[in-house]
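As a plain string of letters, each chain reads:
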Amino acid sequence: MWKGRNFRFGIDLGTCSTLFYEQGKGIVLQEPSLVAVRKDNGEIAAVGAEAQAMVGRTSASLEIVSPLQDGVIADLPMTLAMLRHFAKKMGKSRGPLRFVQRPEYVISVPCFIDPVKRRAVEVTMMQMGARKVTTVEGPLAAAMGSGMPVEEPVGSMVIDIGGGVSQAAIVSLGGIVVSHTVSKGGVSIDESIVDFVKHAYNLVIGRRTAEAIKHTIGSAVEPEPEEKMEIRGRSMVNGLPQSMTLHAREIYKLFEDFVKGIIDAIRVCLERCPPELVGDIMMRGIMLSGGGSLLRGLDRRLQAETDVPMFVADRPLECIAIGAGKLLGE
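As the structure is a prediction and not an experimental result, all values here were calculated from the model.

(A) Representation of the sheet that holds strand β10 (residues 132-137). The five strands are arranged β3-β2-β1-β9-β10 in an open sheet whose pairing can be described as mixed. The outermost strands of the open sheet, each flanked by one partner alone, are β3 (26-32) and β10. The mean angle between the axes of side-by-side strands here comes to 20°, regardless of whether they run parallel or antiparallel. Strands in contact with helix α11 (residues 319-327) are β1 (8-13), β2 (17-22), β3, β9 (104-109) and β10; relative to β1, the strand with the most contacts, it is inclined by about 145°.

If you want it as structure tokens, here you go:
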């Protein structure tokens, strides 16, 4: 059935998650960008979702590695091992293949990436056995994946809020006109929550708990007084397990730096943008994508601060991979 088929994939290689889009099928894989490594011999113990399940629960002999930092490859061997595992996992889901042509990839990269790091991405995919590798800027792929008219002579603005960084870009005629990146993303929010709970309550919590707090009671707009969440951690006083109630209003201020960073990125892009395109954006609005766009009330807060309409993409976690996949046919 699969003999002689030419496989083509669009890939969103993100700090927190990696997604594969297969032409003709859609999203075929979505896994955390994590690798569990044995410290004594460097052997890989788990990858993706299996490695994520070990976060905060590993022994001293295991280390959880994030091979991608701020959307770029920080550890080339671990990135290659992770991608090979994902490719093997997709192959198993199809059953045995008698012969498969070398695949073609379109892979997203940050706007700020330099030629050396862009080449590192291409080399990594070629070592995966790729026939052809094309890179595309993440915000441009997100705009394409969400259905924005990027090929038309009108201005469209997208903000991709990832785990490591957030990128704002204005696109027109199939390219990026202006972009701006801030070093604020979902991971920085999680770290702020961990630090707050530690210093305010002498309670140590893990990144997974911090992420659950962000999704459950985190908000870019002032929350209601009764919003709260029960959390558990380790007491710094006696070292024993401890639970407590954390109120949403306690952590509301922790999101300010993150929100202000996004607002600054919007203003920088609009200041550098040609006036004709600014008018298009004021009329059409700004699209938010990436996991950070799901922060409650973020679209309302940004609209109130900038007077520009905001909307969240229909599939914010997947639109970069979908956009990369669309480029496979062009």
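(B) Local environment of helix α9 (residues 275-284). Of the positions making up α9, those classed as buried are Leu 277, Asp 280 and Ile 281. Burial along α9 is one-sided: seen end-on, the buried residues are contained in an arc of 95°. Residues of α9 that are exposed and point over 90 degrees away from its buried face: Pro 275, Glu 276 and Met 283. Close packing links the buried residues of α9 with β11 (156-161), β12 (166-172), β13 (175-182), α8 (256-272) and β17 (286-289). Positive phi shows up at Gly 285, right after α9, with a value of about 90°.

(C) Molecular detail of the nonpolar core. If you look at the biggest cluster of nonpolar residues, it comprises 42 residues, and the most contacted ones within it are Met 157, Ile 170, Ile 213, Ile 266, Leu 298 and Leu 302. If one sorts the elements of this core by residue count, α8 sits on top with eight residues. Core analysis: the next-biggest nonpolar cluster, separate from the first, contains 28 residues, Ile 11, Leu 68, Val 121 and Met 128 among them.

(D) Quick peek at the UniProt feature "binding site: ATP" (unreviewed entry) in the protein. Those residues carrying the UniProt feature "binding site: ATP" (unreviewed entry) are Glu 211, Ala 212, Ile 213, Lys 214, Gly 291, Gly 292, Ser 293 and Leu 294 in this numbering. Assignment of secondary structure puts Glu 211 in helix α6 (residues 207-217). Its relative accessible area of 32% is what places Glu 211 among the partly exposed residues. Apart from the residues lying within four places of it in its own chain, the contact partners of Gly 292 are Ile 161, Phe 258 and Leu 298.

(E) Representation of the pattern of salt bridges within the structure. With the rule as written, the count across this model stands at 11 salt bridges. As a salt-bridge pair, Glu 31 and Lys 89 come within 2.3 Å of each other at their nearest N and O atoms. Placement of Glu 31 in strand β3 and of Lys 89 in helix α2 (residues 76-94) is noted, with a sequence separation of 58 residues between them. Judged by relative accessible area, which is 40%, Lys 89 ranks as partly exposed. Close ionic contact of Asp 190 with Lys 214 constitutes a salt bridge, the shortest N to O distance being 3.1 Å. Taken together, the residues span a long stretch of sequence, with Asp 190 in helix α5 (residues 186-201) and Lys 214 in helix α6 at a distance of 24 residues.

(F) Examining the sheet that holds strand β5 (residues 44-47) more closely. The three strands are arranged β5-β4-β6 in an open sheet whose pairing can be described as antiparallel. Strands with a single pairing partner mark the edges of an open sheet, and in this sheet they are β5 and β6 (62-65). In this sheet, neighbouring strand axes are inclined to one another by 20° on average, regardless of whether the strands run parallel or antiparallel. Note that strand β4 (residues 35-38) and β5 share three bridges and pair antiparallel. Bridge assignment links Val 37 to a residue of β5, and that residue is Ile 44.

The rules behind these values
Residues numbered from 1 in each chain as written. Predicted model: local features only at pLDDT ≥ 70, side-chain atom pairs only at ≥ 80, totals over all residues. Heavy atoms only, no water. Pairing = 2+ DSSP bridges. Helix = DSSP H or I, 4+ residues; strand = E, 2+ residues; numbered from the N terminus. Axes fitted to C-alpha atoms, helices over the stretch in contact; angles between N-to-C directions. Contact = heavy atoms within 4.5 Å. Buried < 20%, exposed > 50% of the residue type's maximum accessible area, 1.4 Å probe, protein only. Arc of directions from axis to C-beta. Core = buried A, V, L, I, M, F, W, Y, C linked by side-chain atoms within 4.5 Å. UniProt positions renumbered as here; feature names shortened; annotations may be inferred. Salt bridge = Lys/Arg side-chain N within 4 Å of Asp/Glu carboxyl O.

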